Amino acid sequence: MSSDKNRFNYLSIAEIRFNPIDNLSDLVHAIQVAFVLANYADSANIKSQTLQVQEVDDQKMLVPSIQNSYIFSNKSKTRHFILNAQCLTFKTSDYKDFDAFLSYFLEGIFIINKVHPISNFNRLGLRYLERVVPAKGKRIQHYMAMPDLMVFEKLGGDSTHSQTEVYHQIKDQHLVNRVKVCKTGGLELPKDIDPLDMKFKAELMTYSGPSIYIDNDGFIDKKYKLSFTTVKKVLNEINAMIHVAYQASISR
């Protein structure tokens, strides 16, 4: 899958969730200095409104609150770390291979853990976004998995797009696999993804035409004591599950 990802991958995401850091605002400067030393020199504060359930006069109400997130970016804007009080997210538009991707993510966890020790984490996830575009002389049908292709061929006519979503679980691992086949159009992002100032691969940004979008979101919701060995083991297992889903999503 590595060679395909180098060609088709336009965004890879890793996320770890932990117990809330109550004094995050007091620690941001030290965290920022550490990220600068790790070549993430650009930083910004992002404020977003969320809704929290609170009890008011024995009634549960949704109360708006402001959440502070901090973004740390490399110079080329191809790698982002986003930190809030209970989550660290890593995003890259320049995926090379899983080992390199994992090393970057672990470096971010190491920085946070050094400034504020994290005893446990309760969620770990990977998400890969691919845009499969046909090679010169190939039709999009060449890349379509058999079930989608059979429907596409039998319907005929002028289909604009098709979309499927599969939820799967293996023991503690969860996977949401979404596949969208588009007749034409430019690069798309899922509605829940904010690109911020991320720079994407030029060939995937400028291309407009038939595409297959594959969105594999794998995660595990389970409490673990933080260790880099455990994080690596769990992410390798999720990555292997996603690999199977990716292979099944397109024709080889």
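Note: the structure precedes this text.
Attention here is on the structure that accompanies the text. The structure presented is a predicted model; accordingly, all values stated were derived computationally and were not measured. Along every chain, residues carry numbers that run from 1 in the direction the sequence is written. Thresholds applied to this predicted model are a pLDDT of at least 70 for local features of residues and 80 or more for the giving and counting of side-chain atom pairs; totals over whole chains, interfaces and linings are not thresholded and use all residues. Only hydrogens and water are set aside when side-chain values are computed; all heavy atoms of the structure are taken into account.

The next subject is the pattern of salt bridges. By definition here, a salt bridge exists when the distance from a side-chain nitrogen of Lys or Arg to a carboxyl oxygen of Asp or Glu is within 4 Å. Tallying each qualifying case throughout the model produces 13 salt bridges. Arg123 is the salt-bridge partner of Asp221, the closest N and O atoms lying 3.1 Å from each other. Of this pair, Asp221 sits in strand S9 (residues 211-225) while Arg123 sits in strand S6 (residues 120-132), placing them 98 residues apart in sequence. A simple rule labels every residue: compare its accessible area, found with a 1.4 Å probe on the protein chains alone, to the largest value its type can have, and call it buried under 20%, exposed over 50%, or partly exposed in between. Since its relative accessible area comes to 16%, Arg123 is described here as buried. With a closest N to O distance of 3.4 Å, Asp215 and Arg178 form a salt bridge. Here Arg178 lies in strand S8 (residues 173-182) and Asp215 lies in strand S9, a separation of 37 residues in the sequence. Its relative accessible area of 8% is what places Asp215 among the buried residues. Among the residues examined, Arg178 registers a relative accessible area of 25% and is labelled partly exposed. Going along the chain from the N terminus, every DSSP run of H or I of four or more residues is numbered as a helix, and every run of E of two or more is numbered as a strand.

Once that is clear, we can look at the nonpolar core. We define a nonpolar core as any set of buried Ala, Val, Leu, Ile, Met, Phe, Trp, Tyr and Cys residues linked to one another through side-chain atoms lying within 4.5 Å. Counting 42 residues, the largest nonpolar core has Ile16, Ile31, Phe105, Leu124, Leu126, Val231 and Leu235 as the members making the most contacts within it. Tallying contributions element by element places helix H3 (residues 98-115) first for this core, with eight residues. Two residues qualify as a contact provided that any one of their heavy atoms is within 4.5 Å of a heavy atom in the partner residue. Those residues in contact with Leu235, other than ones at most four positions away along the chain, are Phe98, Leu102, Phe105, Leu124, Gly125 and Leu126. In this structure, Tyr143, Cys182, Met198 and Leu204 belong to the second largest nonpolar core, which totals 22 residues.

On to the packing of helix H2 (residues 24-37) against H3. Packing of H2 against H3 brings their axes to within 10 Å, and their N-to-C directions diverge by 140 degrees. Taken together, the axis directions place H2 and H3 in an arrangement best described as oblique. For the crossing formed where H2 meets H3, the hand is right-handed. Across the interface between the two elements, Leu27, Ala30, Ile31, Ala34 and Phe35 from H2 touch Gly108, Ile111, Ile112 and Val115 from H3. Charged means Asp, Glu, Lys or Arg here, nonpolar means Ala, Val, Leu, Ile, Met, Phe, Trp, Tyr, Cys or Pro, and polar covers whatever is left, Gly included. Looking at the contact of H2 with H3 residue by residue, the class counts come to eight nonpolar, one polar and no charged. Each axis is a line fitted through C-alpha atoms, and for a helix only the stretch in contact is used; angles between axes span 0 to 180 degrees, taken between their N-to-C directions. What sets the label is the angle itself: under 35 degrees gives roughly parallel, over 145 gives roughly antiparallel, 65 to 115 gives roughly perpendicular, and the rest give oblique. Handedness of a crossing follows from how the near helix is turned relative to the far one, being left-handed for an anticlockwise turn of less than a right angle and right-handed for a clockwise one.

The criterion for an aromatic pair is that two Phe, Tyr or Trp rings (for Trp, the six-membered ring) have centres within 6.5 Å, with stacked assigned to planes under 30 degrees apart, edge-to-face to planes over 60 apart and tilted to the rest. Taken as a whole and judged by the stated rule, the model has 14 aromatic pairs. Ring centres of Tyr10 and Tyr213 lie 6.3 Å apart, and the angle between their planes is 85 degrees; this geometry places the pair in the edge-to-face category. With a gap of 203 residues between them, Tyr10 in strand S1 (residues 9-18) and Tyr213 in strand S9 connect regions that are remote in the sequence. Here the two residues Tyr10 and Tyr213 agree in accessibility, since each one is buried. Pairing Phe35 with Tyr40 gives two aromatic rings, centres 5.9 Å apart and planes at 85 degrees, and the pair type is edge-to-face.

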